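Tertiary structure, described
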Amino acid sequence: MDLRHSDADIAFRDELRAWLAATLPTLPPEPDRDDWTAHRAYCGAWQRRLFDAGYAGLDWPIEWGGRGATPTRQLIFLSELAHADAPYVGTNFVGLLHAGPTLMVEGTDEQRAQHVPAILRGEQVWCQGFSEPDAGSDLASLRTGAVRDGDSYRVTGRKVWTSHAMVADYCELLVRTDPSARKHRGISWLILPMDAPGVSVRPIKTAAGTSEFCELVLDDVPIPVANRVGAEGDGWRIAMTTLGFERGTAWIGDMMTTRTLLRNLVGVARQTSDGATKSSAWSDTHVQSELARLAAEIDGLWALTYRNVSEATSGLVPERGASVLKLRFTECRQRLDDVAADILGRASLTLDDLPGVASGRFSVDRLTTLAFTIAAGTSQIQRNILAERALGLPKEPEVRIPCG
């Protein structure tokens, strides 16, 4: 494992820092957190700036507009963006982190030509139609059906927790094309145009007061067979490819954000006074100890990230390291928000800032990160993976409930 940057990596970092320093002050204010039409325009404009500067899809193949960068170079890129508090992918995350990479690996030449460059330029927004109201965490139990009708499928069903569906152009959609096959084998991966007839989007209001999640209702929606990615019935394997991209990249940006949040929380602790003693929360040695423990764990997770990246650069698949990172990071992030709630006291119950203190973001974040230990494989699933694949423990016995 080599954690040192080469001279070329350092030159790239310095070039990026200079570009960010010149570009970020020219950005408009970020839109209100529940104005998703404005967020789409904001994120699209930022993605276009990255594209014009040669930073979009940094690790994508050169033939699709990227720079073919190594995982180490991509990590430097993400680290510098977080350090500068630059925008992340926002409404473009499904297209850039999931759909685009999946199409590059599994799509036809026509599908790649139609979608990949537009995703990279920030012109196409995608959403993900995987989860369903009745399938729970067992994705293979999905029921949304697609019946072949000539050159099209007719699709009927429901999807839920579909992020940014209200502003998306396309959806990566899992459907059941063969209800008689074993549940993992009768699934296909389709590209759904969101303006197709029969598509209804119903925003879901979250506990944080935002509506980025949606329910997607599909009523006899026609989707061309040409929009199928891969062979009919091969959708489960392709979905695992999609989720592999998600688990491999999604948490790096969040970990960058966590380091920034921790620095900001130290500032909040210095500004927040105890009602009885009038001393700052920072003067409490317990608070200092908790923040120091979080800082140490985040540093350790960052070192694990470099280890995973080093393995990937060497051609290895850091499966165990990825599960450890996802498990420990998501629980660490939730603990950070719990510490923030202890520091803020009753103020943690409001989403608004205290006078002169940027406290509201921690209240929002605490609600948002409740899902971190569920998304992209629950903590229980990660522990099972590590128990079986890292420690060699036997699989859990299948529980059979007798009938009658």
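The present account deals with the structure reproduced in this document.

What counts, and at which threshold
- Residues numbered from 1 in each chain as written.
- Predicted model: local features only at pLDDT ≥ 70, side-chain atom pairs only at ≥ 80, totals over all residues.
- Heavy atoms only, no water.
- Helix = DSSP H or I, 4+ residues; strand = E, 2+ residues; numbered from the N terminus.
- Rg over C-alpha atoms; globule rule 2.2 N^0.38 Å.
- Buried < 20%, exposed > 50% of the residue type's maximum accessible area, 1.4 Å probe, protein only.
- Contact = heavy atoms within 4.5 Å.
- Lys, Arg positive; Asp, Glu negative; His and termini not counted.
- Charge placed at Lys NZ, Arg CZ, Asp CG, Glu CD.
- Salt bridge = Lys/Arg side-chain N within 4 Å of Asp/Glu carboxyl O.
- Expected span 1.5 Å × (residues − 1).
- Core = buried A, V, L, I, M, F, W, Y, C linked by side-chain atoms within 4.5 Å.
- Axes fitted to C-alpha atoms, helices over the stretch in contact; angles between N-to-C directions.
- Parallel < 35°, antiparallel > 145°, perpendicular 65-115°, else oblique.
- Left-handed = near helix turned anticlockwise from the far one by under 90°.
- Nonpolar A, V, L, I, M, F, W, Y, C, P; charged D, E, K, R; others polar.

**Re the overall build of the protein**
Across its full length, the protein holds 10 helices and 8 strands. On C-alpha atoms alone, the protein measures out to a radius of gyration of 22 Å, which is about the 22 Å that the 2.2 N^0.38 rule sets for 404 residues. Oriented by its inertia axes, the alpha-carbon framework of the protein measures out at about 75 × 60 × 45 Å. Counting every position in the protein, which comprises 404 residues, the buried fraction comes to 47%. Residue pairs in contact within the protein that sit at least 24 positions apart in sequence constitute 70% of those at least 6 positions apart. Placing the 43 positive and 52 negative side-chain charges of the protein at their respective mean positions leaves the two points 3 Å apart.

**As for the pattern of salt bridges**
With the rule as written, the count across this model stands at 24 salt bridges. With a shortest N-O distance of 2.3 Å, Glu 297 and Arg 335 are connected by a salt bridge. Of this pair, Glu 297 sits in helix H7 (residues 285–313) while Arg 335 sits in helix H8 (residues 319–344), placing them 38 residues apart in sequence. A relative accessible area of 34% places Arg 335 in the partly exposed class.

**So, helix H5 (residues 109–120)**
One turn of the α-helix equals 3.6 residues, which is why residues spaced by three or four share an orientation. With 12 residues, H5 extends 16 Å between its outermost C-alpha atoms, agreeing within 8% with the 16 Å of an ideal straight helix rising 1.5 Å per residue. Every buried residue of H5 is listed here: Gln 111, Arg 112, His 115, Val 116, Ala 118, Ile 119 and Leu 120. Buried-residue contacts for H5 involve helix H2 (36–53), helix H4 (93–106), strand S1 (126–129), strand S4 (170–176), strand S5 (187–193) and strand S8 (228–229). Phi turns positive one or two residues past the end of H5, at Gly 122, with a value near 80°.

**Focus on the nonpolar core**
Ranked by size, the top nonpolar core spans 72 residues in total, and within it Phe 77, Trp 126, Trp 189 and Leu 265 carry the most contacts. Sort the elements by how many residues they give to this core and helix H6 (residues 235–271) lands first, with 10 residues. Among the nonpolar cores identified, the runner-up in size contains 21 residues, and Leu 190, Ala 196, Leu 216 and Ile 223 belong to it.

**A short note on the environment of Arg 33**
If you trace the backbone, Arg 33 turns up in the loop between helix H1 (7–23) and H2. Here Arg 33 is in contact with His 39, Ala 208, Thr 210, Leu 351 and Val 364, once residues within four sequence places are set aside.

**Thoughts on the packing of H1 against helix H3 (residues 71–83)**
In the contact formed by H1 and H3, the axes pass within 10 Å of each other and the chain directions differ by 30°. Considering their axes alone, H1 and H3 lie roughly parallel with respect to each other. At the point where H1 passes H3, the crossing takes the right-handed sense. The residues of H3 that touch H1, namely those facing Ala 8, Asp 9, Phe 12, Arg 13, Leu 16, Arg 17 and Leu 20, are Thr 72, Arg 73, Ile 76, Phe 77, Glu 80 and Leu 81. Across the contact of H1 with H3, the residue classes tally to 7 nonpolar, 1 polar and 5 charged.

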